[in-house]
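# Summary of structural features
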Amino acid sequence: MKIYAALICFLLAACGQRQRSMEESTWADDSGSVNSEEIDLSEIQSNGEMIMVTLSGPQTIYDYHGKQLGAMYMLCQKFADELGVTLRVDICRDTTEIIRKLTNGDADIAAFYLPKNLSNDSLIYCGPKLDSLNVQWAVGYGKDELADKLKKWYRPAFLADVNKEETFLLSHRSIKRRVFSPMLNAKGGIISHYDQLFINYSRIIRWDWRLMAAQCYQESTFDPQARSWAGACGLMQIMPGTAEQLGLPAASIFEPESNIAAAAKYIGQLTEKFSDVSNSSERTKFVLASYNGGFFHIRDAMALAQKHGRNPHRWDDVAPYVLQLSNPTYYNDPIVEHGYMRGSETVDYVAKILQRWASYRGVKSVSRIGITTLGTPRRATHERKKKYQ
């Protein structure tokens, strides 16, 4: 029920904000003909690709550790698998853009609940729907075969199935790993079997080796064979795509030293990307957040923080906006370029690593690990704004 309640709120926000512009749009040229190339099912299968349009959101599509999730996307992917084609996703800014792309033949299917009261003869409504809101997926004009195929294939139970699948993938049960003690020998100051590797490679990035150890425990609990459903591998949970960019061979991704070395290299790259954050302690928090949630999402949160008068270079000021990137009001803000994210996980990730790092150093308490709330904004100085820009 929570999923459907959230979905209804999302749809009302998306459709309500765009209804006027949709009503003012023109779907046909002066002669009354529709401006859409009639690329139907046979052509789609011949080309080997189906183009899906949707909006970013928790029920539609979002990036999660380098993989795409969202019930609408996952359902459309299964339909593409049924057709034997690959799925290309085009994320639009609003529903007007979705309909325009369908009308112009730039997309095949809208994996998004579109209002059915538009009096728009350039769309064929079919597939998943919510009768209570009079909304449904749609395909472009002339794609009768595609519409018929979707109607015959889709069953309401499919949506419940992908929701269950997504819930599992987002749980800790989807990560295959052995859980080791957070500290091997507290009295001897030995954190793990890999302490010397942390010491060696943390020097390169000028980190406290115990911070890297704390991050490793958060990632894999010191299991060198850990693997997530998304494909993240090894002690520091390196994604295969990231490993390739870092020069880490697939055959070596589970080797402790190779994995830690690649992670250190990646941390160093992220540190350079946050060179505008002058305070090294603050910069470390942004790096950790980006390691978990993605660099571009964190930059979106920094932009929101600045827009609302907060300090974009202070984690406690930015973290509330990382959390708010799961709120349509914020992830639909024009200043946000990369849409929805599960911000609560990233904020929790940073906090837990900092807390564990403190315990590894023998610090009984850590001041200001928490974040400020979205109350009265701090005064952003002209110098601060100029530096961020």
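Analysis parameters
For every chain, the first residue of its written sequence is number 1, and the numbers climb from 1 along that sequence. At least 70 in pLDDT is required for a residue's local features to be given in this predicted model, at least 80 for side-chain atom pairs to be given and counted, and no such filter applies to totals for whole chains, interfaces and linings, which use all residues. Remark: hydrogens and water are excluded; side-chain values derive from all non-hydrogen atoms of the structure. Put simply, DSSP H or I for four residues or longer makes a helix, DSSP E for two residues or longer makes a strand, and each gets a number counted from the N terminus. Relative accessibility decides the category of a residue: with a 1.4 Å probe and only protein chains considered, values under 20% of the type maximum give buried, values over 50% give exposed, and everything between is partly exposed. Contacts: residue pairs with any heavy atoms within 4.5 Å of one another. Per-residue accessibility takes into account occlusion by the displayed protein chains alone, with areas from the Shrake-Rupley method and a 1.4 Å probe. pLDDT: the predictor's confidence for each residue, scored from 0 to 100. Two strands pair if DSSP finds at least two bridges between them. Aromatic contacts are taken between Phe, Tyr and Trp rings whose centres are within 6.5 Å, Trp giving its six-membered ring; a plane angle under 30 degrees counts as stacked, one over 60 as edge-to-face, and the others as tilted. Definition used: whenever NZ (Lys) or CZ (Arg) falls within 6 Å of the ring centre and also within 35 degrees of the ring normal, the charge is taken to sit over that ring. The convention used is that axes are lines fitted to C-alpha atoms, helices contributing only their stretch in contact, and that angles between N-to-C directions extend from 0 to 180 degrees. Any Lys or Arg side-chain nitrogen found within 4 Å of a carboxyl oxygen on Asp or Glu counts as a salt bridge. Only protein atoms enter the 1 Å grid used here, on which a cavity is any set of points holding a 1.4 Å probe that cannot leave and a pocket is any open set flanked by protein within 12 Å on both sides along at least five of seven lines; residues with an atom within 4 Å of a point are listed as lining. Grid points are joined across faces, edges and corners, and a volume is the space filled by probe spheres set on the points. As a working rule, the residues Ala, Val, Leu, Ile, Met, Phe, Trp, Tyr, Cys and Pro are called nonpolar, Asp, Glu, Lys and Arg charged, and the rest polar, with Gly in that last group.

What follows is about the overall build of the protein chain. Tallying secondary structure elements over the protein chain gives 16 helices and 7 strands in all. The buried share among the 389 residues of the protein chain stands at 52%. When contacts within the protein chain are restricted to residue pairs at least 6 apart in sequence, those whose partners lie at least 24 apart make up 65%. Total accessible area computed for the protein chain in this model is approximately 18,800 Å², and 48% of it derives from carbon and sulfur atoms.

The predicted model of the protein chain has a mean per-residue pLDDT of 86, with 82% of residues at 70 or higher. Confidence drops under a pLDDT of 50 for residues 16-37, and excluding neighbours within four residues, the segment shows 39 contacts in the predicted structure. Low pLDDT, under 50, characterises residues 378-389; the predicted model gives this stretch 25 contacts beyond four residues in sequence or across chains.

The subject of this paragraph is the pairing of strand β5 (residues 109-115). Counting buried residues along β5, 7 of its 7 residues qualify, which places the element largely inside the surrounding structure. Note: strand β1 (residues 49-55) against β5, 2 bridges, orientation parallel. Across the sheet, Met52 pairs through a bridge with Ile109, a residue of β5. Bridge count for β5 against strand β7 (residues 135-140) is 4 bridges, and the pairing is antiparallel. The residue bridging Leu114 from the neighbouring strand is Gln136, located in β7.

Right, let's get into the packing of aromatic side chains. Per the counting criterion, the structure on display carries 14 aromatic pairs. When the ring of Phe274 is compared with that of Phe295, the centres are 5.2 Å apart and the planes differ by 65°; the resulting orientation is edge-to-face. In this pair, Phe274 is assigned in the loop between α10 (256-273) and α11 (280-293) and Phe295 in helix α12 (residues 295-307), connecting sequence segments 21 residues apart. With a relative accessible area of 0%, Phe274 lands in the buried category. Under the relative-accessibility criterion, Phe295 is labelled buried at 16%. Summarising the aromatic geometry, the rings of Tyr331 and Tyr340 are spaced 5.5 Å apart at their centres and angled 90° between planes, so their arrangement reads as edge-to-face. Exposure remark for Tyr340: the relative accessible area of 8% places this residue in the buried category. Taken together, the aromatic side chains of Phe274, Phe286, Phe295, Phe296 and Trp315 make up a single cluster linked through ring pairs. Here the guanidinium or amino end of Lys273 rests over the ring plane of Phe295, the centre of that ring lying 5.0 Å away. Over the ring of Trp357 we find Arg361, and its NZ or CZ is 3.9 Å from the ring centre.

Attention now goes to the sheet that holds strand β4 (residues 86-92). Note: strands within a sheet are paired through backbone hydrogen bonds, in either parallel or antiparallel orientation. Spatial ordering of the open sheet is given by β4-β1-β5-β7-β6, a layout of 5 strands whose pairing is mixed. The sheet is open, and its two borders are formed by β4 and β6 (123-130), each paired with just one other strand. Each neighbouring strand pair of the sheet contributes to a mean axis angle of 35°, computed without reference to strand direction. Against the sheet, helix α5 (residues 144-153) touches β1, β5, β6 and β7, its axis set at about 15° to β6.

Pairing between side chains of opposite charge can happen when their charged atoms approach one another. Evaluated as defined, the whole model comprises 14 salt bridges. A salt bridge links Asp108 to Lys143; the shortest N-O distance between them is 3.9 Å. Taken as a pair, Asp108 in the loop between α4 (95-103) and β5 and Lys143 in the loop between β7 and α5 lie far apart in primary sequence, 35 residues in all. Across the pair, Lys143 and Asp108 agree in class, each one buried. Within the structure, one salt-bridge network assembled from shared partners comprises Asp90, Glu97 and Lys101.

So, about empty space enclosed by the protein. By the definition in use, this model includes 2 cavities of 30 Å³ or more. Reported here for the largest cavity is a volume of approximately 80 Å³. As for the largest cavity, its lining consists of Asp63, Tyr64, His65, Asn292, Gly293, His297, Met341, Arg342, Glu345 and Thr346. Where the lining of the largest cavity is concerned, the elements lending two or more residues are β2 (62-64), α11 and α15 (343-360). Looking at the lining of the largest cavity residue by residue, the classes come out as 2 nonpolar, 5 polar and 3 charged.

Moving on: the environment of Asn200. Along the chain, Asn200 falls in helix α7 (residues 195-205). Its relative accessible area of 32% is what places Asn200 among the partly exposed residues. Separated by 60 residues in sequence, Asn200 and Ile260 place their C-alpha atoms 9.8 Å apart.

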